[in-house]
Amino acid sequence: MPTYGRLPITFERGEGAWLFDQNNNRYLDALSGIAVCSLGHAHPAVHQAICKQSEKLLHTSNLYGIAVQEQLADRLTEKSGMDNVFFCNSGAEANEAAIKLARKYGHQQGIENPAIIVMEKSFHGRTLATLSATGNAKIQQGFAPLVEGFVRVPYNDINAIKQAVEQHNNVVAVLVEPIQGEGGVNIPAADYLNQIRSLCDKHNLLMMLDEIQTGMGRTGKFLAFQHNDILPDVCTLAKALGNGVPIGACLARGKAATVLTAGNHGSTFGGNPLACSAALAVLATLDAENLIEQAAQKGDAISAALKERLLGNAHVVDIRHKGMMIGIELDRPCTELVQAALQNNLLINVTAEKTIRLLPPFIINDQQMTQLVETLSTLIIKVKDSR
Ligand SMILES: *Cc1c(COP(=O)(O)O)cnc(C)c1O
């Protein structure tokens, strides 16, 4: 089905931050398949892990014990401070699990019609419940009736959440991205998550963080909430968890960890040996190659270099980043820059119409970083001058 407006290019193989098309032309990947291939393409650790696992077992069933799934759950809970994990195959599914968890948590407290606070400009996925949670009319257009039970407030506005909690007596959870990705690389106030944590504690609400894009080291910490020294009650992961092998996870802690029980939720493929072996290799590699620290440092370096080249430019409204999540907001729609960059062998993305989004792989080297900054800033300066 024509569900994507595709660019006129097909890649055949990759190597680190490079992608090669069918004619062996080389492109610099500053998008990582939208925050998926953080270790770069064809990383040997992931390659070896899935080859080795496929010699033994691809799939059994969650009706039986799965040793690699248990190992992965141990590693994830250890690194996150969470208690339990439900495994699935995508981000939307991870958020579906979180939404179901919040609803059941509400029902346990006698709330028949539980509501979840969600944000304007948020993105949580394309299934019916997650698109209903998403704060983007374009994504919801044509799919009414939407799933009920969401109360929407502006992002980065703690008072709006407070008011919503006071106005509705059925709020059971707050679902929020630590940084809005699809919404335009929107970075909230430094203490926003801390304030949500306090509010959720006060009103006995579940704090649910969608870390599908921000997680797995992208912002320079393993999880973005670790910049704030807090723990959420629920946290969802996907994208970079398998470096390209589909896997999602819904992590829960404390009172949230045992809300979903046998018969409440499930997935045929979720947490299967193949996907879990990939994710275990990703976690091991992040540690072994010190990649999260590198994400923090390289993100700072790319952002500083872009600022040096572009901050004088009249059309550049803002350059913001946390780790390797970088947004360059222009004063006008700039989706045509994606095509222009492609013609210059550079893969970027534009989100929320005006914000160029960079999500480079953590293994990008100095030379590639220079190429990224030079190519992109030249394009921004040139395109704007030619108008
Ligand atoms: C990508 C994304 C999702 C959806 O993940 P899928 O794997 O495409 O279903 C949900 N939330 C956020 C924040 C995302 O960036």
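Quick summary incoming for the structure in this document. (Residues numbered from 1 in each chain as written. Predicted model: local features only at pLDDT ≥ 70, side-chain atom pairs only at ≥ 80, totals over all residues. Heavy atoms only, no water.)

Taking 1.5 Å of rise per residue, 20 residues should cover 28 Å, and helix α10 (residues 291–310) covers 27 Å from first to last C-alpha, within 8% of that figure. Listed in full, the buried residues belonging to α10 are Leu 291, Ile 292, Ala 295, Lys 298, Gly 299, Ile 302, Ser 303, Leu 306 and Leu 310. Axial view of α10: buried residues confined to an arc of 135 degrees, hence all on one face. Set apart from the buried face of α10 by more than 90 degrees, the exposed residues are Gln 297 and Glu 308. (Helix = DSSP H or I, 4+ residues; strand = E, 2+ residues; numbered from the N terminus. Expected span 1.5 Å × (residues − 1). Buried < 20%, exposed > 50% of the residue type's maximum accessible area, 1.4 Å probe, protein only. Arc of directions from axis to C-beta.)

Now for the packing of aromatic side chains. What describes a pair of aromatic rings is the distance from one ring centre to the other and the angle between the planes of the rings. Per the stated rule, a full pass over the model turns up two aromatic pairs. Note on Tyr 155 and Tyr 192: the rings are 5.4 Å apart at their centroids and 75 degrees apart in plane angle, and the pair reads as edge-to-face. You can see Tyr 155 sitting in the loop between β6 (150–153) and α7 (158–167) and its partner Tyr 192 sitting in helix α8 (residues 192–203), a full 37 residues away along the chain. Comparing Tyr 155 with Tyr 192, the two get one shared label, buried. Here the basic side chain of Arg 26 rests over the ring of Trp 18, its NZ or CZ set 3.6 Å away from the ring centre. Sitting above the plane of the Phe 222 ring, Lys 79 keeps its charged end 5.0 Å from the centroid. (Phe/Tyr/Trp six-rings, centres within 6.5 Å; stacked < 30°, edge-to-face > 60°. Lys NZ or Arg CZ within 6 Å of the ring centre and 35° of its normal.)

It is worth spelling out the pairing of strand β10 (residues 248–252) at this point. With five of five residues buried, β10 lies mostly within the body of the structure. Of the two faces of β10, both are covered, the one formed by Gly 248, Cys 250 and Ala 252 as well as the one formed by Ala 249 and Leu 251. Of the pairings in the sheet, the one linking strand β4 (residues 84–88) to β10 comprises five bridges and is antiparallel in character. Paired with Asn 84 across the strands is Ala 252, a residue of β10. Sheet topology note: the strand β9 (residues 234–237)/β10 ladder contains four bridges and is antiparallel. Paired with Val 234 across the bridge in β10 is Ala 252. (Pairing = 2+ DSSP bridges.)

Further remarks concern the site of the ligand. The environment of the ligand is made up of Ser 90, Gly 91, Ala 92, Asn 95, Phe 123, His 124, Gly 125, Glu 177, Asp 210, Ile 212, Gln 213 and Lys 239. Contact distances for the ligand include 2.8 Å between an oxygen atom and a backbone N or O atom of Gly 91. Ala 92 places a main-chain nitrogen or oxygen 2.7 Å from an oxygen atom of the ligand. In isolation the ligand offers 380 Å² of accessible surface; the protein chains occlude 81% of this area. (Near = heavy atom within 4 Å. Polar contact = N/O pair within 3.5 Å; in protein donor to acceptor, adjacent residues only side chain to side chain. Areas by Shrake-Rupley, 256 points an atom, 1.4 Å probe, with all protein chains shown as cover.)

Right, let's get into a nonpolar patch on the surface. Together, Leu 128, Phe 143 and Leu 146 make up an exposed nonpolar region whose accessible area comes to about 280 Å². Turning to its location among the elements, Phe 143 is positioned in the loop between α6 (137–140) and β6. The class of Phe 143 is partly exposed, set by a relative accessible area of 47%. (Patch = residues over 30% accessible without salt bridge, like charges linked within 9 Å, V, L, I, M, F, W, Y side chains within 5 Å. Salt bridge = Lys/Arg side-chain N within 4 Å of Asp/Glu carboxyl O.)

Take the packing of α7 against α8 next. One can describe the packing of α7 onto α8 by two numbers: an axis separation of 10 Å at closest approach and a directional angle of 15 degrees. Put simply, α7 runs roughly parallel to α8. Crossing of α7 over α8 shows right-handed handedness. Taking contact as the criterion, the partners of Ile 158, Ile 161, Lys 162 and Val 165 in α7 are, on α8, Tyr 192, Gln 195, Ile 196, Leu 199 and His 203. (Axes fitted to C-alpha atoms, helices over the stretch in contact; angles between N-to-C directions. Parallel < 35°, antiparallel > 145°, perpendicular 65-115°, else oblique. Left-handed = near helix turned anticlockwise from the far one by under 90°. Contact = heavy atoms within 4.5 Å.)

What follows covers the layout of surface pockets. One number sums up the size of the second largest pocket: a volume of about 450 Å³. Lining the second largest pocket are 21 residues, with Gln 69, Val 85, Phe 86, Phe 87 and Leu 260 positioned closest to its centre. The set of elements that each furnish at least two residues to the lining of the second largest pocket consists of α3 (67–80), β4 and β10. Here the lining of the second largest pocket gets four residues from one element, more than from any other, and that element is β4. Looking at side-chain class alone, the lining of the second largest pocket contains eleven nonpolar, nine polar and one charged residues. (1 Å grid on protein atoms, 1.4 Å probe; cavity = no way out; pocket = protein on both sides within 12 Å on 5 of 7 lines; lining within 4 Å. Points joined across faces, edges and corners; volume = space filled by probe spheres on them. Nonpolar A, V, L, I, M, F, W, Y, C, P; charged D, E, K, R; others polar.)

This part covers the packing of helix α2 (residues 44–56) against helix α9 (residues 273–288). With their axes 8 Å apart at the nearest point, α2 and α9 run at an angle of 150 degrees to one another. Compared by their axis directions, α2 and α9 come out roughly antiparallel. Here α2 and α9 pass one another in a crossing that is right-handed. For the pair α2 and α9, the contacting residues are Ala 45, Val 46, Ala 49, Ile 50 and Gln 53 in the first and Pro 273, Leu 274, Ser 277, Ala 278, Ala 281, Val 282 and Thr 285 in the second. For the contact of α2 with α9, the residue count by class is nine nonpolar, three polar and no charged.

Overall, antiparallel pairing links the four strands, which are arranged β11-β12-β15-β14 in an open sheet. Single-partner strands in this sheet number two, and they are β11 (316–322) and β14 (349–351). Averaged over all neighbouring strand pairs, the angle between strand axes comes to 25 degrees, with direction disregarded. Looking at chain direction, β11 and strand β12 (residues 325–330) are connected through six bridges and run antiparallel. Across the sheet, the residue bridging to Lys 322 is Met 325, located in β12. Along the sheet, α10 makes contact with β11, β12 and β15 (355–358), crossing β11 at roughly 170 degrees.

Moving on, we come to the state of the cysteines. Note on terminology: a disulfide is the covalent bond linking the sulfur atoms of two cysteines. This model, assessed by the stated rule, comprises zero disulfides. Cys 51 provides the cysteine sulfur closest to Cys 37, a residue in no disulfide bond, and the two sulfurs are 16 Å apart. Residue classification places Cys 37 among the buried residues on the basis of a relative accessible area of 12%. Looking at the unpaired Cys 88, the closest cysteine sulfur is the one in Cys 250, lying at 7.4 Å. (Disulfide = S-S within 2.5 Å.)

These values are about where atoms sit, not about what they do.
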